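Next come the chains, spelled out residue by residue.
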2 protein chains.
Amino acid sequence: MRDAYTVELDAIFEDLAGISRQVRTAVKDATQALLTGDSSIAERVISEDAQIDSAREKVEENAFSLLSLQQPVAGDLRTVVAALRMVAELERMGDLSVHVAKIARLRVPDIAIPAEVRPTVERMATVAEDMVARVTDVIAGRDVEAAIALGRDDEEMDQLRRRSFTELLSDDWSHGVEAAVDIALLGRYYERIADHAVSVANRVVFVVTGHNPAPAA
Amino acid sequence: MRDAYTVELDAIFEDLAGISRQVRTAVKDATQALLTGDSSIAERVISEDAQIDSAREKVEENAFSLLSLQQPVAGDLRTVVAALRMVAELERMGDLSVHVAKIARLRVPDIAIPAEVRPTVERMATVAEDMVARVTDVIAGRDVEAAIALGRDDEEMDQLRRRSFTELLSDDWSHGVEAAVDIALLGRYYERIADHAVSVANRVVFVVTGHNPAPAA
């Protein structure tokens, strides 16, 4: 009984790691579409999101089957419910990548990001993608230390978001309202991807240790 | 055994309805702060969010206790997991109200919304608040018809969002980048509140009928 539970739970966590790899590709590709104005890459991110959605459904079915057949209690029960929450957050990160890709597509053949704010937006995208890459390792290795470190690095995203506002609200801003609105929304999407990555990492800490991580100082 | 399950499940749904009432107040007050530039109302929305967070924790503990002690299977299991998801979404709607209140607070003593776009933003806020009010009734009455109707009305929010972009990207826009960025983000927050309301309503349909509602045409 216990062994079947462990085997099935491991399979669910492997699937979660797989989905987070798909999300990383989505974030990376959406950013490339954004920075190059390449509509075919944007279209690919948008159409491939359906694969993340169906991978989510598969994890949900497996988790429900595990709950029904193995009837886990206490910590085991909380682990399976945590997996259900993680898969919902990973799917949402895929949706947010689609939002980035849609802004890219809307501006083709132009590029939504003026050169002077490109470093800030590019860094936001890199931080978000890096957090998704690290959350894959956190899930695959149930790595508590890496999970806690990830929570700490969320601060850089907040700083980048503030910097982007400073740039687009400065008197020197010459790119008009449309570009400013695009950048504000893009900042929101990348920030939410990072938030979800931290949340998924925190759930791994909970699954392994039975406790939520202490809030970042 | 079955009776204890039903009683505890009813208590969870009552708590969910209670949280959605708190969320409605948050949406309503955040909007008032936004439209009047009243910082004390904004502060209240921000500080009272902790009550929604702790109400969420209580529902989660009760749901886990129900899962552990009653070991529901099949439809009953899915109902309890649906309740866990609903409470997470309701809490998120509270967070989004806090985001609205924070934009209001940032602009005090000014009002973030220029008069010419006020009708659009006010209507977005009304639609969002109305959807939260209706989702309370959907939860309290497990009302499938009202839930399905709510999903259909989401379309108005999309139209309002598009209208707000048309307004702030028009050649006549004279309020600069800051107001435009505020409105774009506010539109996003109200839209997400509406999305979550639809999602919660869909979960009620699933709980009552065992099926997800058909996607809106």
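Starting from 1, residues in each chain are numbered consecutively following that chain's sequence as written. Here every chain gets a letter starting at A, and every ligand a number starting at 1, in the order they are written. Only residues with pLDDT of 70 or above have their local features reported here, since the model is predicted, and side-chain atom pairs are shown and tallied only from 80 upward, although totals for entire chains, interfaces and linings are computed over all residues. Here the side-chain values reflect all heavy atoms present in the structure, with hydrogen atoms and water set aside.

Participant: Please give an account of the interface of chain B and chain A that cites residues and values.
Facilitator: Contact between two residues is taken to exist if any of their heavy atoms lie within 4.5 Å; hydrogens are not considered. At the junction of the two partners, chain B supplies 33 residues and chain A supplies 33 residues. Summing the contributions of chain B and of chain A, the shared interface buries around 2700 Å²; its carbon and sulfur component is 59%. The working definition used for a salt bridge is a side-chain nitrogen of Lys or Arg within 4 Å of a carboxyl oxygen of Asp or Glu. At the surface where chain B touches chain A, the tally comes to four salt bridges. B:Glu61 is the salt-bridge partner of A:Arg78, the closest N and O atoms lying 3.2 Å from each other. Identification of polar contacts relies on pairs of N or O atoms within 3.5 Å, with a donor-acceptor requirement for protein atoms, meaning one able to donate a hydrogen and the other able to accept it, and with residues adjacent in sequence counted only if both atoms are side-chain atoms. Across the contact surface, chain B and chain A share four residue pairs in polar contact (both at pLDDT 80 or more). Residue assignment for the side of chain B that touches chain A shows that the elements contributing at least two residues are helix H2 (39-70), helix H3 (74-107), helix H6 (154-168) and helix H7 (176-209) of chain B. With 10 residues, H7(B) is the single largest residue contributor to the side of chain B that touches chain A. Here the side of chain B that touches chain A is composed, by residue class, of 19 nonpolar, four polar and 10 charged. Summed over both partners, the accessible surface that disappears when two parts come together, traced with a 1.4 Å probe, is what is meant by buried area. Secondary structure elements are defined from DSSP: runs of H or I of at least 4 residues count as helices, runs of E of at least 2 residues count as strands, and each element is numbered from the N terminus. Amino acids are sorted into nonpolar (Ala, Val, Leu, Ile, Met, Phe, Trp, Tyr, Cys and Pro), charged (Asp, Glu, Lys and Arg) and polar (every other residue, Gly among them).

Participant: Tell me what's going on with the relation of the copies chain B and chain A, and back it up with residues and numbers.
Facilitator: With an axial shift of 0.0 Å and an RMSD of 0.0 Å, the rotation relating chain B to chain A amounts to 180°. Such values leave the two copies arranged in the relation of a two-fold axis. Both copies contact each other with a shared surface, as 100% of the interface residues of chain B are interface residues in chain A too. Only residues with pLDDT of at least 70 in both copies count here: their C-alpha atoms drive the least-squares fit that superposes the copies.

Participant: Give a description of the packing of helix H5 (residues 144-152) of chain B against H7(B) that names residues and reports values.
Facilitator: Each pair of packed helices gets described by two things: the angle between the helix axes and the distance between those axes. All names here are of chain B. Helix axes are fitted to C-alpha atoms over the stretch in contact, other axes to C-alpha atoms as well, and angles between N-to-C directions run from 0 to 180 degrees. At a closest axis distance of 9 Å, the pairing of H5 and H7 adopts a crossing angle of 145°. Here H5 runs over H7; the crossing is left-handed. Listed contacts from H7 to Val144, Ala147, Ile148, Leu150 and Gly151 of H5 are Ala197, Val198, Ala201, Val205, Val208 and Thr209. Residue composition of the contact of H5 with H7, grouped by class: nine nonpolar, two polar and no charged. Note: crossing handedness is left-handed where the near helix turns anticlockwise from the far helix by less than a right angle, and right-handed where it turns clockwise.

Participant: Give a detailed account of the UniProt feature "domain: PhoU" (unreviewed entry) in chain A, specifying residues and quantitative values.
Facilitator: Residues and elements named next belong to chain A. UniProt positions are given in the numbering used here, feature names are shortened, and annotations may be inferred rather than shown by experiment. Here the UniProt feature "domain: PhoU" (unreviewed entry) sits at residues 19-103 and 121-204. Overall, residues 19-103 shows 94% helix and 0% strand. The separation of its end C-alpha atoms is 23 Å. Spanning residues 121-204, this segment combines 88% helix with 0% strand, and its end C-alpha atoms are found 29 Å apart.

Participant: Break down empty space enclosed by the protein for me, citing the residues and quoting the values.
Facilitator: Unoccupied space between atoms shows up once a probe the size of one water molecule is rolled over them. In this analysis the probe radius is 1.4 Å and the grid spacing 1 Å, with only protein atoms considered; a cavity is a set of points the probe fits into but cannot get out of, a pocket is an open set with protein on both sides within 12 Å along at least five of seven lines, and lining residues have an atom within 4 Å of a point. Grid points are joined across faces, edges and corners, and a volume is the space filled by probe spheres set on the points. Scanning the model with the defined rule gives one cavity of 30 Å³ or more in all. Looking at the largest cavity, its volume works out to about 50 Å³. Considering the residues around the largest cavity, the lining is formed by A:Leu67, A:Gln71, A:Pro72, A:Leu77, B:Leu67, B:Gln71, B:Pro72 and B:Leu77. Residue composition of the lining of the largest cavity, by class: six nonpolar, two polar and no charged.

Participant: Can you lay out the packing of helix H3 (residues 74-107) of chain A against helix H7 (residues 176-209) of chain A for me, pointing to particular residues and giving the numbers?
Facilitator: Residue and element names in this part refer to chain A. Between H3 and H7, the shortest axis-to-axis distance is 9 Å and the interhelical angle comes to 165°. Looking at the two axes, H3 sits roughly antiparallel to H7. As H3 packs across H7, the resulting crossing turns out to be left-handed. Taken together, the residues of the contact of H3 with H7 sort by class into 17 nonpolar, five polar and nine charged. Working rule for angles: under 35 degrees goes down as roughly parallel, over 145 as roughly antiparallel, 65 to 115 as roughly perpendicular, anything else as oblique.

Participant: Can you explain unusual backbone geometry? Please cite residues and give values.
Facilitator: Residues and elements named next belong to chain A. For the peptide bond that leads from Val108 to Pro109, omega is 5°, which places it in the cis range. Within the fold, Pro109 resides in the loop between H3 and helix H4 (118-141). Phi is positive for Arg142, which is not a glycine, with a value near 40°. Relative to the elements of secondary structure, Arg142 occurs in the loop between H4 and helix H5 (144-152).

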